[in-house]
Amino acid sequence: MSSIEKFDFNSYPFKLSGKVVVYICPKCKHKFEAPLEAVLEFEQEDEWNGLPISTPPYTVCSKCNFDKCVPIDYKSKRGYHHIYKEN
Ligand SMILES: [Zn+2]
């Protein structure tokens, strides 16, 4: 079982809530935290771009740079429950 990479709030230039969403990289299985504020921003962009609510708020893997990392278990502001499933 791999451990989850913690988000370093101290290195971030803005004051954040401290809430995180746990992500997984489907490619290398790296697990890491993303600050909630960033996730909400990705969601907002998806909404502006007219993407369906089932679109996960993707982010980039810090290990392998794969750009379609998804939340493991996250209920979005747009009302969709994103659950990561191994395939
Ligand atoms: Zn990766």
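Here is what the cut-offs are and how they apply
Residues numbered from 1 in each chain as written. Predicted model: local features only at pLDDT ≥ 70, side-chain atom pairs only at ≥ 80, totals over all residues. Core = buried A, V, L, I, M, F, W, Y, C linked by C-beta atoms within 7 Å. Buried ≥ 20, exposed ≤ 12 C-beta atoms within 10 Å, placed from the backbone. Helix = DSSP H or I, 4+ residues; strand = E, 2+ residues; numbered from the N terminus. Contact = placed C-beta atoms within 7 Å. Pairing = 2+ DSSP bridges. Axes fitted to C-alpha atoms, helices over the stretch in contact; angles between N-to-C directions.

Membership of the largest hydrophobic core is limited to 10 residues, which are F7, V21, Y23, I24, C25, F32, A34, V39, C69 and Y74. When contributions to this core are tallied by element, the ones reaching two or more residues are strand 2 (20-24) and strand 3 (31-35). Sorting elements by how many residues they give to this core places strand 2 first, with 3 residues. Filtering out sequence-adjacent residues up to four positions away, V21 remains in contact with A34, L36, V39, P71 and Y74.

Moving on: the sheet that holds strand 4 (residues 70-71). Within the open sheet, the 4 strands sit side by side as 1-3-2-4. Their pairing is mixed. A single partner strand is all that each edge strand has here, and the edge strands are strand 1 (4-5) and strand 4. The pairing of strand 2 with strand 4 spans 2 bridges and is classified as antiparallel. Of the residues in strand 4, the one forming a bridge with Y23 is P71. Against the sheet, helix 1 (residues 36-48) contacts strand 2 and strand 3, and its axis sits at roughly 80 degrees relative to strand 3.

Here we take up the pairing of strand 2. As paired strands, strand 2 and strand 3 are joined by 5 bridges and run antiparallel to one another. For Y23, the partnering residue across the bridge sits in strand 3 and is F32. Hairpin connection between strand 2 and strand 3: a loop of 6 residues separates the two successive antiparallel strands, and K29 in this loop has a positive phi of roughly 65 degrees.

In this section: the pairing of strand 3. Within a regular strand, side chains alternate between the sheet's two faces. Of the two faces of strand 3, only one is covered, namely that formed by F32 and A34; the face formed by K31, E33 and P35 stays uncovered. Bridging between strand 1 and strand 3 involves 2 bridges; their strand directions are parallel. Among the inter-strand pairings, I4 is bridged to a residue of strand 3, identified as K31.

Unlike most non-glycine residues, K29 shows phi in positive territory, near 65 degrees. Position of K29 relative to the elements: it lies in the loop between strand 2 and strand 3. Its identity is not glycine, yet N65 carries a phi of approximately 70 degrees, on the positive side. One can find N65 in the loop between helix 1 and strand 4. Owing to 11 C-beta atoms within 10 Å, N65 belongs among the exposed residues under this scheme.

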